[in-house]
Amino acid sequence: MAPQEPYDVGEVVYSLEPIENDGGIPGIAEDALLATPGRRGVVVMYGHSQVDPSKEVYLVRFEDADGVLGPPVGVLPEELTQDEAVAKQLAAV
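Now for a description of the structure that goes with this document.

Rules used in this analysis
- Residues numbered from 1 in each chain as written.
- Predicted model: local features only at pLDDT ≥ 70, side-chain atom pairs only at ≥ 80, totals over all residues.
- Heavy atoms only, no water.
- 1 Å grid on protein atoms, 1.4 Å probe; cavity = no way out; pocket = protein on both sides within 12 Å on 5 of 7 lines; lining within 4 Å.
- Points joined across faces, edges and corners; volume = space filled by probe spheres on them.
- Helix = DSSP H or I, 4+ residues; strand = E, 2+ residues; numbered from the N terminus.
- Salt bridge = Lys/Arg side-chain N within 4 Å of Asp/Glu carboxyl O.
- Buried < 20%, exposed > 50% of the residue type's maximum accessible area, 1.4 Å probe, protein only.
- Phe/Tyr/Trp six-rings, centres within 6.5 Å; stacked < 30°, edge-to-face > 60°.

## Examining the layout of surface pockets
Right, on to step 1. As a volume, the largest pocket reaches approximately 360 Å³.
Right, on to step 2. Lining of the largest pocket is provided by 15 residues; of these, E20, D22, V73, G74 and V75 occupy positions nearest its centre.
Right, on to step 3. Listing elements by their share of the lining of the largest pocket, those giving two or more residues are β2 (19–20) and β6 (69–75).
Right, on to step 4. Of the residues forming the lining of the largest pocket, the biggest block, four residues, is contributed by β6.

## Observations concerning unusual backbone geometry
Right, on to step 1. Even without being a glycine, D31 presents a positive backbone phi close to 75°.
Right, on to step 2. Counting through the fold element by element, D31 comes out in the loop between β2 and β3 (33–35).

## What to know about the pattern of salt bridges
Right, on to step 1. One pass over the full model with this rule turns up two salt bridges.
Right, on to step 2. The shortest N-O distance in the salt bridge between E63 and R40 comes to 3.0 Å. Residue E63 is located in strand β5 (residues 56–63), and its partner R40 is located in strand β4 (residues 40–48); the two are separated by 23 residues in the primary sequence.
Right, on to step 3. Note on R40: relative accessible area 40%, which makes it partly exposed.
Right, on to step 4. The salt bridge involving E84 is made with K88; its shortest N-O contact spans 3.9 Å. Of this pair, E84 and K88 are both found in helix α1 (residues 84–92), four residues apart, which corresponds to roughly one turn of the helix.
Right, on to step 5. On the accessibility criterion, E84 (42% relative accessible area) is partly exposed.
Right, on to step 6. Its relative accessible area of 55% is what places K88 among the exposed residues.

## Brief notes about the packing of aromatic side chains
Right, on to step 1. Applying the stated criterion across every chain yields a total of two aromatic pairs.
Right, on to step 2. Ring geometry for Y7 and Y58: centres 5.3 Å apart, planes at 65°, overall edge-to-face. Taken together, the positions of Y7 in the segment before β1 (12–15) and Y58 in strand β5 put the pair 51 residues apart, joining distant regions of the chain. Both residues of the pair, Y7 and Y58, count as buried.
Right, on to step 3. Taken together, a centroid distance of 5.9 Å and an interplanar angle of 40° make the contact between Y46 and Y58 tilted. Remark: Y58 occurs in strand β5 and Y46 occurs in strand β4; sequence separation between them is 12 residues.

Below, the structure written as structure tokens:
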């Protein structure tokens, strides 16, 4: 697999897999589903994991069914794509 290109703040991305709360978002149940595969979001910040500084982490706000942006969610680059066609296929499953 080719290395992941970095995403910039403001770029639209799509989830490649279900994104769940790992307990890091207060007020939302742990393991709550935050984004389904193919869900559109926007990058609001990026940085590196405190546990492993070699790993990039993106903060993404995913849209809900009504198009309202949810809370920022930490997502790994391999969980994201900018390929809208792939996102549409995932969302249709």
